[in-house]
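# Coordinate analysis (summary)
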Amino acid sequence: MPMALVSSDSATDGRSTQVPAAWRALRIAVIGAGLSGLAAARMLADQQHQVSLFEKSRGCGGRAATRRAAHPSGQPSEQALRFDHGAQYFTARDPGFQRRVQSWAERGLVAPWGGRIGAFDGTEFTPAAQETTRWVGVPGMSALGRELAAGLNLRLETRVMPPRWCRGRWQLSDEAGTDLGRFDRVVVSAPAPQSAELLMDAPRLAAQAACVDYRPCWTLMLGFDTPVPLAFDGVFVNQTQGPLRWVARDSSKPGRARPARDAAVAGNAAVAGNAAVAGNAARGEPDCWVLHAEPGWTRKHLNDPREQVEAALLEAFAALVELAGGSLPRINWRQSHSWLYSLVETPLEEGCLWDPALGIGACGDWCNGARIEGAWLSGEAIASRLLAAVASA
Ligand SMILES: Cc1cc2nc3c(=O)[nH]c(=O)nc-3n(C[C@H](O)[C@H](O)[C@H](O)COP(=O)(O)OP(=O)(O)OC[C@H]3O[C@@H](n4cnc5c(N)ncnc54)[C@H](O)[C@@H]3O)c2cc1C
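The present account deals with the structure reproduced in this document. Residue numbers restart at each chain and count upward from 1, following the sequence in its written direction. Side-chain atom pairs in this predicted model are given and counted only at pLDDT of 80 or more, local residue features only at pLDDT of at least 70, and totals for whole chains, interfaces and linings cover all residues. In computing side-chain values, all of the structure's heavy atoms are included and hydrogens and water are not.

Strand order in the open sheet made by the seven strands is β7-β6-β15-β16-β17-β14-β18, with mixed pairing throughout. Two strands lie at the open edges of the sheet, namely β7 (125-127) and β18 (331-339), each paired on one side alone. Neighbouring strand axes in the sheet, compared pairwise and without regard to direction, differ in orientation by 20° on average. When DSSP locates at least two bridges between a pair of strands, those strands are taken to pair. By the criteria applied, helices consist of DSSP H or I runs no shorter than four residues and strands consist of E runs no shorter than two, each listed in order from the N terminus. Across five bridges, the pairing between strand β16 (residues 244-249) and strand β17 (residues 287-293) is antiparallel. Axis definition: a line fitted to C-alpha atoms, limited for helices to the stretch in contact. Angles are taken between N-to-C directions and run from 0 to 180 degrees.

We now examine the side chain of S252. Take S252: it is sitting in the loop between β16 and α6 (263-272). Of the polar contacts made by the side chain of S252, one reaches the side chain of W113; its length is 3.1 Å. Among the polar contacts listed, one links the side chain of S252 to the backbone oxygen of R249, at a separation of 2.7 Å. By the criterion applied in these results, polar contacts are pairs of N or O atoms within 3.5 Å in which, for protein atoms, one can donate a hydrogen and the other can accept it, and in which residues neighboring in sequence qualify only through two side-chain atoms.

On to the nonpolar core, then. For soluble globular proteins, the rule of thumb is that nonpolar side chains tend to be buried together. Counting 44 residues, the largest nonpolar core has F90 and W104 as its most contacted members. Going through the elements one at a time, β1 (27-31), α1 (35-46), β2 (50-54), α2 (95-106), β8 (135-137), α3 (142-148), β16 and α10 (372-392) are the ones with two or more residues in this core. With eight residues, the single largest contributor to this core is α10. Domain extents, as shown, originate in an automatic or database domain assignment. Residue assignment places this core across two domains, with domain 1 (27-61 + 149-211 + 348-392) and domain 2 (67-141 + 215-339) each supplying three or more. Only heavy atoms enter the contact rule, under which two residues are in contact if any of them lie within 4.5 Å. Beyond its immediate sequence surroundings of up to four residues, F90 is in contact with F97, V101, W104, V110, T133, R134, W135, V136, M141, L144 and I372. Of all hydrophobic cores here, the second largest spans 30 residues; its members include W165, L172, L198 and A209. Nine residue types can take part in a nonpolar core, namely buried Ala, Val, Leu, Ile, Met, Phe, Trp, Tyr and Cys, and a core is a set of them joined through side-chain atoms within 4.5 Å. For each residue, the accessible area found with a 1.4 Å probe, counting protein chains only, is set against the maximum for its type, and the residue is called buried under 20%, exposed over 50%, and partly exposed in between.

So, about the pairing of strand β11 (residues 169-173). Where strand β10 (residues 164-166) lies against β11, three bridges are found, and the strand directions are antiparallel. Across the sheet, residue W165 finds its bridge partner in β11, namely W170. Here β10 hands over to β11 after two residues, with R167 in that stretch at a positive phi of 45°. Note: β11 against strand β12 (residues 179-183), four bridges, orientation antiparallel.

This part is about the site of the ligand. Lining the immediate environment of the ligand, one finds 39 residues, of which S36, E55, R63, Y89 and D365 sit closest. Between the ligand and Q88 there is a distance of 3.4 Å, counted from an oxygen atom to a backbone nitrogen or oxygen. Here a nitrogen atom of the ligand and a backbone polar atom of V160 are 3.0 Å apart. Accessibility throughout is a Shrake-Rupley quantity obtained with a 1.4 Å probe, and a residue counts as covered only by protein chains that appear here. Contact with the protein chains covers 94% of the free accessible surface of the ligand, which is 1000 Å². Listed by contribution, the elements that provide at least two residues to the shell around the ligand are α1, α4 (192-198) and α10. Residues of the shell around the ligand, tallied by class, amount to 18 nonpolar, 15 polar and six charged. Mapping the shell around the ligand onto the domain boundaries places at least three of its residues in each of domain 1 (27-61 + 149-211 + 348-392) and domain 2 (67-141 + 215-339). Distances are taken per atom, and a residue is near a molecule or strand as soon as one of its heavy atoms is within 4 Å of it. Note on residue categories: nonpolar means Ala, Val, Leu, Ile, Met, Phe, Trp, Tyr, Cys or Pro, charged means Asp, Glu, Lys or Arg, and polar means any other residue, Gly included.

These figures capture arrangement, not role.
Written out as structure tokens, the structure reads:
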């Protein structure tokens, strides 16, 4: 196994990372298995370091998430419903990230979403410009995180407490006080407010993380008996008033279960030019939609009873469909979710944060660009910083 010399970064406040006498692989903890943490963990593990990836949830991918639900028919033989209730799709503008996405596409992990996207300004619907490819995970957004974690030393359902600096290394434990080990380097990849807490023993980085705000987002997931009669699969709602910001037909994304059998609706969809609905209407699956609330509205209603929020979002969606000349079909499944952290308000644009003296750093969408592409590149950036520090030692 190729060995690395542990960094002898100079101390800035009397503390410095321990310098072992011999070459060896570093023990590195990555906290958080969202896409930034996965990017960092993969890159560091590829260099033969001993990487431990800790994630508090039951699965990987973080906010690139998919909610699965049993089919409303109750038949175990039926395909489960899937809703991308967090990130809806992602774009790739950086050439390096474009190559990465292409390799994921070749492995079948992602595919372009060819859905018809529109905008609604309160009075009329207009098709949105297709500036760039909209990529989605297949068969759901979370598939990407799951596949990228394969082969990594991953501990799920492990909420890491703030790492403690202890005799030149980082001591990690979980919330039950279980010892998770001592590490030469730590990468924190949680959303900024959570990172600020985790970086307690690296106050300079904690202070930077504490400055970053997120938009909250109430989300409503809906399954309909028959396709919703909208000629669009995704609509940016740009009304000055009202709770909705975005609505999307998840069933129109590649690899998803397709909408229910309804010849009339299929015919109408074909007339309206919606090939995704028309072409798949004979398959007999619910038409799955995800509704995202407007951030200001969410802030105001964050602590409202769930039923009240669901009713308001549903009413706004029904009104939208009526303005398009239709009416909502029967709902056969619904669930809501409130995201405290959805999109970053103002990212730091630092790429990543790294304290060379302490051997700890942070990455994530809040360091770089606010979205999936930025999160991934931030994970790669911190791995590069860490590896460069090791190489130059
Ligand atoms: C509603 C919504 C809509 C969005 N829409 C889009 C979109 O259309 N396009 C787009 O590109 N992006 C979108 N985003 C943003 C995108 O999802 C994020 O930018 C990206 O997924 C962030 O990745 P990350 O790795 O930085 O953070 P995360 O995905 O948040 O990953 C951080 C991980 O750290 C874990 N964690 C936190 N604390 C601990 C701890 N103490 N111990 C262990 N684990 C911990 C969390 O459970 C999580 O899995 C959206 C997000 C939301 C919520």
